[in-house]
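A closer look at the structure
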Amino acid sequence: MTFDMSQPIAFSLEEASLARAAEWQQLIQELMTETDTFLIASMRDGDEIPVKNDAPAITLLLIAEQGEQSLPVGIGSIENEEIGVAILKQFHGAGLGQDLMRSLLDWAKLNGLSKVWLDVQIDNDIAVHIYQKYGFLSVDEKEHFTLPNGRDTELQRMILEL
């Protein structure tokens, strides 16, 4: 996935669909090389079967368009009231994650959710700052994990009442 960063790139959001399933699977694979987020979530959840929740759910793709190229470069979702956002590193710092977060929160309010929650690595200062900016509050104790690569991290649960 290569974009010419010296040329204009247009961004849009679209709901994830089967039409782009292969592209967003590729995006997730690339994100997994850049961040421990997906690994940590699978370790946190383990073999636990999620409790069925009738709350509405959505997955949004952040689409980058340049010339004939149109590919997802970020993903955001809400499921079982858990909200998550991930953007490829090459697109960090442009406010795209905040735009995606804002769209997800607007969707959550329109669909009657009373709260959303997330787990954040406490050493991810930028993410913690953004979540606090939106009004997320830390709750519960921090949870320690040692990842398969030997890296130690702690997760902090944060909740936003809508």
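For the structure, see preceding data.
Here the structure is a predicted model, which means the values were calculated and not measured.

Cut-offs and rules
Residues numbered from 1 in each chain as written. Predicted model: local features only at pLDDT ≥ 70, side-chain atom pairs only at ≥ 80, totals over all residues. Heavy atoms only, no water. Helix = DSSP H or I, 4+ residues; strand = E, 2+ residues; numbered from the N terminus. Rg over C-alpha atoms; globule rule 2.2 N^0.38 Å. Buried < 20%, exposed > 50% of the residue type's maximum accessible area, 1.4 Å probe, protein only. Areas by Shrake-Rupley, 256 points an atom, 1.4 Å probe, with all protein chains shown as cover. Lys, Arg positive; Asp, Glu negative; His and termini not counted. Charge placed at Lys NZ, Arg CZ, Asp CG, Glu CD. Pairing = 2+ DSSP bridges. Phe/Tyr/Trp six-rings, centres within 6.5 Å; stacked < 30°, edge-to-face > 60°. Contact = heavy atoms within 4.5 Å. Core = buried A, V, L, I, M, F, W, Y, C linked by side-chain atoms within 4.5 Å.

Moving on, we get to the overall build of the protein. A tally of regular secondary structure across the protein gives four helices and seven strands. Traced from its N-terminal end to its C-terminal end, the protein shows the element sequence β-α-α-β-β-β-α-β-α-β-β. Against the globule reference of 15 Å for 162 residues, the protein gives a C-alpha radius of gyration of 16 Å, in line with a compact fold. Overall, the protein is about 45 × 40 × 30 Å in size when its C-alpha atoms are taken along their principal axes. Buried residues in the protein amount to 35% of all 162 residues. When the accessible area of the protein is evaluated, it comes to approximately 9500 Å², of which 51% is carbon and sulfur surface. Averaging the locations of the 11 positively and 27 negatively charged side chains of the protein gives two centres separated by 5 Å.

Across nine bridges, the pairing between strand β2 (residues 58-66) and strand β3 (residues 69-79) is antiparallel. The partner of Ile 63 across the bridge, within β3, is Pro 72. Between the end of β2 and the start of β3, which pair antiparallel, lie two residues, with Gly 67 showing a positive phi angle near 60°. When β3 meets strand β4 (residues 82-87), the two strands line up antiparallel, connected through six bridges.

Here we take up the pairing of strand β6 (residues 137-146). Pairing of β6 with strand β7 (residues 152-161) involves seven bridges; the strand directions are antiparallel. Across the sheet, the residue bridging to Phe 145 is Thr 153, located in β7. In this antiparallel pair of consecutive strands, β6 and β7, the connection spans five residues, and Gly 150 shows a positive phi of 90°.

Moving on: the packing of aromatic side chains. The description of an aromatic ring pair rests on the distance of the ring centres and on the angle between the ring planes. Within this structure, the stated rule accounts for three aromatic pairs. A ring pair is formed by Phe 3 and Phe 91, whose centres lie 5.8 Å apart and whose planes are at 80°; its orientation type is edge-to-face. On the criterion of sequence distance, the pair formed by Phe 3 in the segment before β1 (10-15) and Phe 91 in the loop between β4 and α3 (96-110) is long-range, its members being 88 residues apart. Exposure class is identical for Phe 3 and Phe 91. Each is buried. Three or more aromatic residues joined by ring pairs make a cluster, and in this case those are Phe 3, Phe 11 and Phe 91.

The topology assignment puts Gln 156 in strand β7. Those residues in contact with Gln 156 that sit more than four places away from it in its chain are Leu 118, Asp 119, Val 120, Ile 122, Ser 138, Val 139, Asp 140 and Lys 142.

Within the largest apolar cluster, 40 residues are counted, with the highest numbers of intra-cluster contacts made by Ile 78, Ile 83, Phe 91, Leu 105, Val 116, Tyr 131 and Phe 136. Mapped by element, the contributors of at least two residues to this core are α1 (21-34), β2, β3, β4, α3, β5 (115-121), α4 (125-133) and β7. Considering each element in turn, this core owes the most residues, seven residues, to α3. Among residues more than four places away in sequence, those in contact with Phe 91 are Phe 3, Met 5, Ile 9, Phe 11, Val 73 and Leu 96.

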